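# Coordinates in review
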Amino acid sequence: LTLATPQGDVSGVGAVLRYLARMAATGENGLEGDTAMASGEIDSWVEFATNSLGGGTVDDIPVAMVQPALEALDAALAEKTFLVGDRLSLADIAVACAASPYESAISGVSLKRWYMTCMADPAFSAAASGGGGGGG
């Protein structure tokens, strides 16, 4: 995945997502986290989306290969609404977009709740339609 910008190309799913998040950042409503720790956690989830779920860019990964990642995601969401912090972040956008090809395999209660919360959030819809999601 490569994004052409006036300043040059940005390549790679994670890099493109972070670029878009930085461009959309507005004070407290930024998608990258309020602290260095939150930013690090978000980066970890972006990597998880790319490495464990294919980043939403590969349509031919069998569900059986991503099932362990979906189960780990369900466990991570057992006691929280969003992956990092108390609001939608780049982590949620990246992981939800990467998980979307496997929507029919989303069976864990916590994962299902989180996925539906992401899909229903207007900020997520805006970010996803603005190019923050998958695609090849």
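In this text, all values refer to a predicted model and were calculated from it rather than measured experimentally. (Residues numbered from 1 in each chain as written. Predicted model: local features only at pLDDT ≥ 70, side-chain atom pairs only at ≥ 80, totals over all residues. Heavy atoms only, no water.)

### Describing the overall build of the chain
- If you tally the helices and strands in the chain, you get 6 helices and 2 strands.
- What you see in the chain, going N to C, is helices and strands ordered as β-β-α-α-α-α-α-α.
- A total of 136 residues make up the chain; the buried ones form 40% of that total.
- Expressed as a percentage of contacts within the chain between residues at least 6 apart in sequence, the contacts between residues at least 24 apart total 63%.
- Accessible area of the chain: about 7000 Å², with a carbon and sulfur share of 55%. (Helix = DSSP H or I, 4+ residues; strand = E, 2+ residues; numbered from the N terminus. Buried < 20%, exposed > 50% of the residue type's maximum accessible area, 1.4 Å probe, protein only. Contact = heavy atoms within 4.5 Å. Areas by Shrake-Rupley, 256 points an atom, 1.4 Å probe, with all protein chains shown as cover.)

### What to know about the confidence of the model for the chain
- Residues with a pLDDT of 70 or more make up 79% of the chain, whose mean pLDDT is 80.
- Across the chain, element-level confidence peaks in helix α5 (residues 109–120) with a mean pLDDT of 94 and bottoms out in helix α6 (residues 122–132) with 56.
- Confidence over residues 130–136 falls short of pLDDT 50; this stretch has 14 contacts with residues more than four positions distant or in other chains. (pLDDT = per-residue confidence, 0-100.)

### A short note on the nonpolar core
- Ranked by size, the top nonpolar core spans 36 residues in total, and within it Trp45, Leu53, Leu70, Leu73, Leu83, Val95 and Trp114 carry the most contacts.
- Listing elements by their share of this core, those giving two or more residues are α1 (13–24), α2 (36–53), α3 (63–76), α4 (90–99) and α5.
- The element best represented in this core is α4, accounting for 9 residues.
- In contact with Leu53, other than residues within four places in its own chain, are Phe48, Val66, Ala69, Leu70, Val95, Ala98, Ala99 and Tyr102. (Core = buried A, V, L, I, M, F, W, Y, C linked by side-chain atoms within 4.5 Å.)

### Description of the pairing of strand β2 (residues 8–11)
- Here strand β1 (residues 2–5) pairs with β2 via 4 bridges, running antiparallel. By the bridge assignment, Leu3 is partnered in β2 with Val10. (Pairing = 2+ DSSP bridges.)

### Describing the packing of α2 against α3
- Two numbers describe how α2 lies on α3: the axes approach to 9 Å, and their chain directions differ by 155 degrees. One finds that α2 runs roughly antiparallel with respect to α3. For the pair formed by α2 and α3, the contact residues are Trp45, Phe48, Ser52 and Leu53 on the first element and Val66, Ala69, Leu70, Leu73 and Ala76 on the second.
- Of the residues in the contact of α2 with α3, the class split is 8 nonpolar, 1 polar and no charged. (Axes fitted to C-alpha atoms, helices over the stretch in contact; angles between N-to-C directions. Parallel < 35°, antiparallel > 145°, perpendicular 65-115°, else oblique. Nonpolar A, V, L, I, M, F, W, Y, C, P; charged D, E, K, R; others polar.)

### Comments concerning the side chain of Ser110
- Here Ser110 lies in helix α5.
- For Ser110, a relative accessible area of 13% puts it in the buried group.

### A few points about the packing of aromatic side chains
- For the structure shown, the criterion picks out 1 aromatic pair.
- Their ring planes at 75 degrees and their centres at 5.1 Å tell us that Trp45 and Phe48 sit as a pair that is edge-to-face. Here Trp45 pairs with Phe48, and both are found in helix α2, just 3 residues apart, close to one helical turn. Considered together, Trp45 and Phe48 belong to a single accessibility category, that of buried residues. (Phe/Tyr/Trp six-rings, centres within 6.5 Å; stacked < 30°, edge-to-face > 60°.)

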